Each structure stands twice: as structure tokens, then as C-alpha cells.
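Given next are the chains, with one letter for each unit.
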Amino acid sequence: ERKYCSAEGVPMYETCEGCGAARGACSGDCTNDDGGHANCMDISWAEGGVSTKAECHNMTHVSLHFDKVGCTGKLIKELEEQ
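## Examining the environment of Thr-15
Part 1 of the argument: With respect to the helices and strands, Thr-15 occurs in strand S2 (residues 11-19).
Part 2 of the argument: On the accessibility criterion, Thr-15 (29% relative accessible area) is partly exposed.
Part 3 of the argument: Distance in space between the C-alpha atoms of Thr-15 and Glu-1 is 4.3 Å, their sequence separation being 14 residues.
Part 4 of the argument: Thr-15 has contacts with Glu-1, Asp-29, Cys-30 and Thr-31, leaving out every residue within four places of it along the chain.

## Structural notes on the sheet that holds strand S5 (residues 60-68)
Part 1 of the argument: An order of S4-S5-S6 is seen for the 3 strands of this open sheet, with the pairing classed as antiparallel. The open sheet has two free edges, formed respectively by strand S4 (51-57) and strand S6 (72-80), since each of these has just one partner strand. Between one strand axis and the next, the sheet turns through 30° on average, direction left out of account.

## What to know about a nonpolar patch on the surface
Part 1 of the argument: A surface patch of nonpolar side chains, about 290 Å² in accessible area, is lined by Met-41, Ile-43 and Trp-45.
Part 2 of the argument: Here Ile-43 shows up in the loop between strand S3 (26-32) and S4.

## Description of the pattern of salt bridges
Part 1 of the argument: Inspection of every chain in the model, using the stated rule, returns 2 salt bridges.
Part 2 of the argument: Lys-3 is the partner of Glu-81 in a salt bridge, and the nearest nitrogen-oxygen pair spans 3.4 Å. Here Glu-81 is found in the segment after S6, whereas its partner Lys-3 is found in strand S1 (residues 2-5), with 78 residues between them in sequence.
Part 3 of the argument: With a closest N to O distance of 3.8 Å, Lys-53 and Glu-55 form a salt bridge.
Part 4 of the argument: Under the relative-accessibility criterion, Lys-53 is labelled partly exposed at 25%.
Part 5 of the argument: Overall, the relative accessible area of 28% leaves Glu-55 in the partly exposed class.

## A short note on the state of the cysteines
Part 1 of the argument: According to the stated counting rule, one finds 2 disulfides in the structure shown.
Part 2 of the argument: Across the disulfide from Cys-5 sits Cys-56; the S-S distance is 2.1 Å. The S-S bond linking Cys-5 to Cys-56 shows a torsion near -115°; that makes this disulfide left-handed. One end of the pair, Cys-5, is in strand S1; the other, Cys-56, is in strand S4, and 51 residues separate them in sequence.
Part 3 of the argument: For Cys-56, a relative accessible area of 19% translates into the label buried.
Part 4 of the argument: There is a disulfide in this structure between Cys-40 and Cys-71, and the S-S distance comes to 2.2 Å.

Thresholds applied
Residues numbered from 1 in each chain as written. Predicted model: local features only at pLDDT ≥ 70, side-chain atom pairs only at ≥ 80, totals over all residues. Heavy atoms only, no water. Helix = DSSP H or I, 4+ residues; strand = E, 2+ residues; numbered from the N terminus. Buried < 20%, exposed > 50% of the residue type's maximum accessible area, 1.4 Å probe, protein only. Contact = heavy atoms within 4.5 Å. Pairing = 2+ DSSP bridges. Axes fitted to C-alpha atoms, helices over the stretch in contact; angles between N-to-C directions. Patch = residues over 30% accessible without salt bridge, like charges linked within 9 Å, V, L, I, M, F, W, Y side chains within 5 Å. Areas by Shrake-Rupley, 256 points an atom, 1.4 Å probe, with all protein chains shown as cover. Salt bridge = Lys/Arg side-chain N within 4 Å of Asp/Glu carboxyl O. Disulfide = S-S within 2.5 Å.

Function cannot be read off these values alone, since they describe shape.
Here you go:
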């Protein structure tokens, strides 16, 4: 998987058959969510998190994790991802 920001500053999530090192290009058959994960999702991988959404901060992909559903409540974690 690869998480990055498009040239327009849209957070992107891509999965492929094979990916290179961190920030490396993906190869093979790829699927891309076309920025769909910028919408709030009621899942989180941060401790205490309940929901998450992605944003681009200065062209860096960032996952924002909240302690309530619907990306509400307290922002508990910001994770830069690639």
C-alpha cells in the first residue's frame, strides 16, 4: 500500500501487487481510492481512536484520529504516512 498526496493536494490511498521502498513507486495491477479516504471512516488504528480521515498538510499525507464516531470529539493523533 502507498499513501500520498496528489499534485492537487488530495490524499490518495493506493494498493498494488508490488510496491517499492517507502515513498517508492508501486507496480503491477493497482487500485486507487481517488481520494475517497479523505471522507471520515468509523475505524482507527490509533490507541483510543474511533474514527479517522486523511488530509494533506504541506503535501504530506496525514491521518487524523478522533475519539468519537463521525470524526468528532477530541483529535487524539495525527500520523504522517506514506
